[in-house]
Each structure stands twice: as C-alpha cells, then as structure tokens.
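Descriptive analysis of the structure
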Amino acid sequence: MTNLACTAPNCEPARPAPERLVGKTDTREVLVTGWHENTTDNHTVTADWPTRHAFYTQRSSYFSPLLFTETVRQALGLLAHTAYNIPLDYRMGWDSYSCRIAPNALRPHPAHSDVVMTISHQVRGLRRPRGPVRLLAKVDAVRDGRHLGTAEISYTAFPPALYNRLRGEHADARAAFARARRPEAPIPAYLVNRDRSSDVVLAPTSEDRIWQLRTDTSHQVLFDHPHDHVPGMVLLEAAHQADLLTTSADDALVTGMSFDFKRYVEFARPCWIETAPLLPDSDGLAKTQITGIQDGEEAFSGTVTRII
C-alpha cells in the first residue's frame, strides 16, 4: 500500500480500500490502495498505477486520460461508503464530471506510480434516513510527486427503493445485460489509438461525425459485473474515441473533459455519438463538442480539450 503523508492534526493512519467498495469485482482492476481523513469533508486517497494497463494504455504507450477518471471514480466510491457511511446497496450515478490533466502527466513510467488524491466534499441529504445523498467532490491529484490533474464531480447516491422506482422495468442489471444489443462491427482500432478491436466502443455509420455506441458486455474492464444501464465510464470512453476520430490527434495531448449526464443510456436501444469541432479556447486549446443521443433525446453532452 502507498504510504500517506499524514500531516493534518490528529490524522489517523491510512485505512485500506476493500475491493467491494470501489465498484470492481476483478481485484486486478482495483487502483486505489488506502485513505485517511484530513479534516471533516477532506480526505486523502492513494492509488497505484501499473507500468501498463490492459485497457487504459494506448498504442502510443501513454495512458489514456480515462485512467485518471477511473482512479477518481474508485476513490469516490471508497469515500462514499467509508467516510460518509452510505450503505453498499445504494446506487451511485454521476450528474456531471469535469477534469483538467497536466500535459505529459500520462507519460509512461518505468515502474509503478504512486498517485495521491486530496478530495474535498460538499454533502447534502445525509440526515434523511434512506433518502438520496447528493455530493460534490473536488479532487487534486499528484503522480510520483508531480501534478497530475484536478477534477470536479457532482454525483448522487440513491437508496434501493427510490432507485428501483426511478428505473422501473430497467432496474434489474442482469435482465438489462440480457437485453443488450449485439455489438456492431467496430471502426478500425488504430483510428482511436487502440491495438484491439475489442477495445473500440464505436461503430461506423453513413453519416459524417456520427457513430453508434458499441456496448460489448463481455469486455472484462468496462463491464466486469452487470449494470442496469450503460456506465458513465463507457460513455466517456466513447466521447474520447469520438474526439480522436474528429481531430486525428494523439491521446497524450488531452488536457481536459467536461460532461453532463442527463438521461440513462439503455442497453437495448441504439445510442448515437455526434461530434462537432469548436473554435480554440482562450488558451489556444482545441475543443470538440460531443453529444450522445438515444431515442431522439440528448443523454449526455460535453467537450474534450486538447493541445493543438
């Protein structure tokens, strides 16, 4: 386990991160290693990055920016269930996600990397028994002592009864997996900086800058257990790959993402990923607008930012 620099007054020793708390059943995919409380609503979470990852290492040998996102996702699950005592049967979903990544922070290292995240929370709803809990997290991360990135995430934890009413006939994860559409043939893997076609989450269409989302539920990283809807990590991966197709750029140049999640994306119906290049921002960074549409309605949308 990574050693924590516990400098806050009365700081407790680091506590481990049990696998069941981070939303993974495959222990090999657990990145977080421990946590401790600094002050009320401020915590430190550590993680270990390998030299390579079966899914999050690209053809360029750089890590995908989604490795940072997955590390943050696991850290928030850990803190929700430990620091805030949200029951394990609550269902958590992201309302919005944004991040900034330092240039070259995803460069490969010759050995495992220590990632340390300082996470502050604003929390609403904890005092309502079996009610939803709404949280806003701000993350500041370093990798091997150097700035890695920042993130801000708004997310909600739903109690089972409320979540089941919200999802209705779609609430059963195993049934949703059974209804999943057979994945369409993928676009060529090299176009999205991949070696394996199985890692491609987009299928071609006859329309320019429009692709169909591929949800191959046998993928061991993206779907290591049943889900009742397409996970946000899969949607962000689709956005990432769509940006690569739109810009023909290198993964290592991604500096940020910002997305809002408005509707659940269902497995049984097609979802379309549309892109539009935007003018460079005030810092001269290129931006791509990306929208996911299902049943004619916007499910999620946002931007990917990169160095030109």
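Going by the structure above, here's the rest.
What you see is a predicted model; the values in this text were computed from it and never measured. Residue positions are given per chain, counted from 1 along the sequence in the order it is written. In view of the model being predicted, local features appear only for residues whose pLDDT reaches at least 70, and side-chain atom pairs are presented and counted only at 80 or more, with totals across whole chains, interfaces and linings using the full set of residues. With hydrogens and water set aside, each side-chain value is computed from the structure's full complement of heavy atoms.

**A short note on the packing of helix 1 (residues 65–82) against helix 4 (residues 232–247)**
Running from N to C, helix 1 and helix 4 point in directions that differ by 165°, and their axes come no closer than 11 Å. Judged on the interaxial angle alone, helix 4 and helix 1 are roughly antiparallel. Judged by the sense of rotation from one axis to the other, the crossing of helix 1 with helix 4 is right-handed. Here Pro-65, Leu-66, Thr-69, Glu-70 and Arg-73 of helix 1 lie close against helix 4, whose contacting residues are Met-233, Leu-236, Glu-237 and His-240. Grouping the constituent residues of the contact of helix 1 with helix 4 by class yields 4 nonpolar, 2 polar and 3 charged. Helix axes are fitted only over the stretch in contact, all axes being lines through C-alpha atoms; the angle between N-to-C directions runs from 0 to 180 degrees. Strands are runs of DSSP state E lasting at least two residues, helices are runs of H or I lasting at least four, and both sets are numbered from the N terminus onward. Should an angle fall under 35 degrees it is taken as roughly parallel, and over 145 as roughly antiparallel, whereas 65 to 115 is taken as roughly perpendicular and any remaining angle as oblique. Whether a crossing is left-handed or right-handed is set by the direction in which the near helix is turned from the far one by less than a right angle, anticlockwise for left-handed and clockwise for right-handed. Any two residues having at least one pair of non-hydrogen atoms within 4.5 Å are treated as being in contact. Three classes are used, and their members are as follows: Ala, Val, Leu, Ile, Met, Phe, Trp, Tyr, Cys and Pro are nonpolar, Asp, Glu, Lys and Arg are charged, and the others, Gly among them, are polar.

**Some remarks on the pairing of strand 12 (residues 286–294)**
Being paired, for any two strands, means DSSP has found at least two bridges between them. Here strand 11 (residues 271–278) pairs with strand 12 via 8 bridges, running antiparallel. Paired with Thr-275 across the two strands is Ile-290, which belongs to strand 12. Sheet topology places strand 12 next to strand 13 (residues 297–306); 9 bridges connect them, and they run antiparallel. Each bridged residue has a counterpart across the sheet, and for Ala-286 the counterpart in strand 13 is Arg-306. Counted between consecutive antiparallel strands, the loop separating strand 12 from strand 13 contains 2 residues, among which Asp-295 sits at a positive phi close to 55°.

**Observations concerning the pattern of salt bridges**
Just to be clear on terms, a salt bridge is a Lys or Arg side-chain nitrogen sitting within 4 Å of an Asp or Glu carboxyl oxygen. In this structure the tally under the stated criterion is 13 salt bridges. Between Asp-199 and Arg-196 there is a salt bridge whose closest N-O contact spans 2.7 Å. Each residue is placed in one exposure class: buried if its accessible area under a 1.4 Å probe, protein chains only, is under 20% of its type's maximum, exposed if it is over 50%, and partly exposed if it falls in between. Classification of Asp-199 by relative accessible area gives buried; the value is 4%. Linking Asp-243 and Arg-306 is a salt bridge whose minimum nitrogen-to-oxygen distance equals 2.3 Å. Of the two residues, Asp-243 is situated in helix 4 and Arg-306 in strand 13; the sequence distance between them amounts to 63 residues. The same class applies to Asp-243 as to Arg-306, namely buried. When salt bridges with common partners are traced through the structure, they connect Arg-91, Arg-167, Asp-228 and Glu-266 into a single cluster.

**Quick notes on the packing of aromatic side chains**
Here the aromatic set is Phe, Tyr and Trp, taking the six-membered ring for Trp, and pairing holds for ring centres within 6.5 Å; pairs whose planes are under 30 degrees apart are stacked, those over 60 apart are edge-to-face, and all others are tilted. Evaluation of the coordinates by the stated rule reveals 10 aromatic pairs. Judged by centre distance (5.9 Å) and plane angle (75°), the ring pair of Phe-177 and Phe-223 falls under edge-to-face. Of this pair, Phe-177 sits in helix 3 (residues 173–178) while Phe-223 sits in the loop between strand 9 (210–213) and helix 4, and the two are 46 residues apart along the sequence. The exposure class assigned to Phe-177 is buried, which follows from its relative accessible area of 18%. Among the aromatic residues, those joined into a ring-pair cluster are Phe-158, Tyr-163 and Tyr-264. For a lysine, the NZ atom is tested; for an arginine, the CZ atom; a charge sits over a ring if that atom is within 6 Å of the ring centre and within 35 degrees of the ring normal. The cationic tip of Arg-167 hangs over the ring face of Tyr-264; the distance from NZ or CZ to the ring centre is 4.5 Å. Between Arg-194 and the ring centre of Phe-55, over which it is positioned, the NZ or CZ distance is 4.1 Å.

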